[in-house]
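# Secondary and tertiary structure notes
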Amino acid sequence: MTSYLLRGVSLLGAELRDVAIVDGRISDNAPADAEIIDAAGLVALPGLVDLHTHLREPGREDAETVETGSRSAALGGYTAVFAMANTSPVADTAGVVEQVWRLGREAGLVDVQPIGAVTVGLAGKQLAELGAMATSAANVRIFSDDGHCVADPRLMRRALEYVKAFDGIIAQHAEEPRLTEGAQMHEGEVSTRLGLTGWPAVAEEAIIARDVLLAEHVGSRLHVCHVSTAGSVEVLRQAKARGVRVTAEVTPHHLLLTDELAASYDPVYKVNPPLRTASDVEALRAALVEGVIDIVATDHAPHAVEDKECEWAYARPGMVGLETALPVVLSVLGERWDLIAERMSRTPARIAGLTGHGTDLAVGEPANLTLVDPSARRVVDPSELASRSRNTPYAGTTLPGRIVATFLRGEPTVLDGKAVK
Ligand SMILES: NC(=O)N[C@@H](CC(=O)O)C(=O)O
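Since the structure is predicted, the reported quantities are computational estimates derived from the model, not experimental observations.

Each regular strand carries side chains that alternate between the two faces of the sheet. Of all five residues that make up strand 14 (residues 246-250), five are buried, and the element is covered over most of its length. Neither face of strand 14 is open: one carries V246, A248 and V250, the other T247 and E249, and all of them are buried. Here three bridges tie strand 13 (residues 221-224) to strand 14, and the two strands are oriented parallel to one another. Among the inter-strand pairings, H223 is bridged to a residue of strand 14, identified as T247. On the question of chirality, the crossover connecting strand 13 to the parallel strand 14 by way of helix 7 (residues 230-241) is right-handed. With two bridges connecting them, strand 14 and strand 15 (residues 295-296) associate as parallel partners. Across the sheet, residue E249 finds its bridge partner in strand 15, namely I295.

This is the structure in structure tokens:
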């Protein structure tokens, strides 16, 4: 196994050091034959961990595969991603989660941890085999019907009770379906102007409020996916103040983009939950800094051209995000490297109970890390993405920061900004 010496790297934007990578771990001593990487001007971060990625395999390999999504993740600085269950077939059995887990191991570019469905077929009628998925080789600890809300409160209660036995988590896509029938975008001034059916903020907030009460009642762990409104932040703030075991994520796009973009009628801006208002964006940013929102998660949602380049009403919701997440967060938070490491690596790893990721870049720790050039600027070109899909909302946008290298257990997955395999 090749050893590396990162010469003059800045750890989290602080001290400049020489960091050696030997036998998959961080070391203070490089052997004479170590490959030298000139890391002057580069910042080392613990490898990023994404709790919300859609990899589309099995079923929609034309939009993404475990391998192409893994490559996209590595290029974005990730060393671990959690694959959502809304595949075809749905990841609601031990067989499917093991398949995804195995494909991730074969690709070997990031650690792929499958998320299991909460209900059979994401249909919201009957609990899936949560125990069988938990005890499978994939060792599933997070369950989600993402794309769909577990709307039935009794099922949600049962799911929370079930996973409590092994300290599992229910990750909820908070959307009261009766309030979002036919919805196309955020309900507000812009939707009224455009004549598109609105998705009101309260549809998200009402489910989060219900679920934090259920989680409190059961004493179980709830994670809220893609929080998008200022009102949701307030519900979470109150729940956390009461000691409810709830964590929450925000996507990069909800930290940057607003519903005004829908005026273009370009379906690249159609996403679930929808882009909200500038005051929501402001509240989400503040909540992320404060910690009311614990982490950034991409909700990387690749879609084939025919599912996106069509009329707004027929387009699938979702945006790709793995390769632009860190640049977007950098543009939002600035070079607050410790905060970025906390929200994009350490806390997601801690929430998921993922060992070996999100650790300090200290001697003896597994070398899961990424090197970023914060002074570089990049104009996003969809044709250059490693994802099999092109639905990025940032085409033509200049974003700060370039991911120069990523290491997974000491093996480079990205070098000189390019995927190694
Ligand atoms: N986030 C999205 O806009 N899309 C998700 C699922 C969903 O939440 O609708 C997808 O799987 O495409």
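From this point, things continue past the structure.
To continue, consider unusual backbone geometry. Here the amide bond leading from S88 into P89 is cis, since omega sits at 5 degrees, within 30 degrees of zero. Locating P89 in the fold gives a position in the loop between strand 7 (78-83) and helix 2 (94-107). The peptide bond linking N272 to P273 adopts the cis configuration, its omega dihedral lying at -10 degrees. Take P273: it is sitting in the loop between helix 8 (252-256) and helix 9 (278-290). Although it is not a glycine, D299 sits at a positive phi angle of roughly 50 degrees. As for its placement among the helices and strands, D299 is situated in the loop between strand 15 and helix 10 (305-308). The buried category is assigned to D299, whose relative accessible area is 4%.

With parallel pairing, five strands are arranged side by side in an open sheet as 9-10-13-14-15. Each of the sheet's edge strands pairs with one partner strand only, and the pair in question is strand 9 (142-143) and strand 15. Along the sheet, helix 6 (residues 201-218) contacts strand 10 (169-172), strand 13 and strand 14; its crossing angle with strand 13, the most-contacted strand, is approximately 165 degrees.

Another point: the UniProt feature "binding site: substrate" (unreviewed entry) in the chain. Taking the numbering used here, the UniProt-annotated feature "binding site: substrate" (unreviewed entry) corresponds to H54, L55, R56, N86, N272, H303, P317 and G318. Of the residues named above, H54, R56, N86, N272, H303, P317 and G318 line the largest pocket. Within the fold, H54 resides in the loop between strand 6 (48-53) and helix 1 (66-75). For H54, a relative accessible area of 4% translates into the label buried.

Each value, and the rule that gives it
Residues numbered from 1 in each chain as written. Predicted model: local features only at pLDDT ≥ 70, side-chain atom pairs only at ≥ 80, totals over all residues. Heavy atoms only, no water. Buried < 20%, exposed > 50% of the residue type's maximum accessible area, 1.4 Å probe, protein only. Helix = DSSP H or I, 4+ residues; strand = E, 2+ residues; numbered from the N terminus. Pairing = 2+ DSSP bridges. Right-handed = clockwise from strand over helix to strand, strands pointing away. Contact = heavy atoms within 4.5 Å. Axes fitted to C-alpha atoms, helices over the stretch in contact; angles between N-to-C directions. UniProt positions renumbered as here; feature names shortened; annotations may be inferred. 1 Å grid on protein atoms, 1.4 Å probe; cavity = no way out; pocket = protein on both sides within 12 Å on 5 of 7 lines; lining within 4 Å.

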